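For reference, the chains in residue letters:
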Amino acid sequence: DALRRLRHDATAFDLVLTDIVMPGAMDGIGLALSVRSICSWLPVVVMSGYSTSMHKATALGIVVLAKPCTPQTLSRAIRDALSRSASKLASP
């Protein structure tokens, strides 16, 4: 559903926050890579409690937040991802 909505109106999103483990055929890593291919400017933060999945995601350059985390840690991860995205858009 997220990809369908993103394809319809990418400007409606500031950031995608997902878990690595999701129901259905696509996991959060697949979602992050798909988002990256559709809208390279859109930041994605992936959460996980599984270390092997986290290593796979970080090896692909995906921002991963370890669970459980505090609200402050989540807020910082989102702020950092938005800041990195803004920096990419601002650089020529």
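Structure shown above.
Residues numbered from 1 in each chain as written. Predicted model: local features only at pLDDT ≥ 70, side-chain atom pairs only at ≥ 80, totals over all residues. Heavy atoms only, no water.

Trainee: Where do I start with the overall build of the protein in this structure?
Mentor: Scanning the protein from terminus to terminus reveals four helices and three strands. Taken over the C-alpha trace, the protein has a radius of gyration of 13 Å; the compact-globule value for 92 residues is 12 Å, and the two agree within 12%. Summarising its shape, the C-alpha atoms of the protein cover approximately 35 × 30 × 25 Å along the three principal directions. For the protein, the residues scored as buried account for 32% of the 92 residues in total. With the model as given, the accessible surface of the protein reaches about 5,800 Å², and the carbon-plus-sulfur share is 58%. (Helix = DSSP H or I, 4+ residues; strand = E, 2+ residues; numbered from the N terminus. Rg over C-alpha atoms; globule rule 2.2 N^0.38 Å. Buried < 20%, exposed > 50% of the residue type's maximum accessible area, 1.4 Å probe, protein only. Areas by Shrake-Rupley, 256 points an atom, 1.4 Å probe, with all protein chains shown as cover.)

Trainee: What's the story with the side chain of S34 in this structure? I'm lost.
Mentor: Relative to the helices and strands, S34 resides in helix α2 (residues 28–38). S34 has contacts with L3 and M26, leaving out every residue within four places of it along the chain. (Contact = heavy atoms within 4.5 Å.)

Trainee: I'm lost on the nonpolar core in this one. Help?
Mentor: Soluble, globular proteins show a tendency: their nonpolar side chains are buried together. Residues L6, V35 and I62 are the most contacted members of the largest nonpolar core, which totals 16 residues. If you list the elements that add at least two residues to this core, you get α1 (2–8), α2 and β2 (44–48). Looking at which element gives the most residues to this core, the answer is α2, with four residues. Residues within four places of I62 in sequence aside, it is in contact with I29, A32, L33, R36, V46 and A57. Grouped together as the second largest cluster of nonpolar side chains are six residues, V45, M47, L65 and A77 included. (Core = buried A, V, L, I, M, F, W, Y, C linked by side-chain atoms within 4.5 Å.)

Trainee: Got a minute to help me understand the side chain of T18 in this structure?
Mentor: Take T18: it is sitting in strand β1 (residues 16–19). Judged by its relative accessible area of 9%, T18 falls in the buried class. Excluding residues that lie within four positions of it along the chain, T18 makes contacts with G28, L31, V45, V46 and M47.

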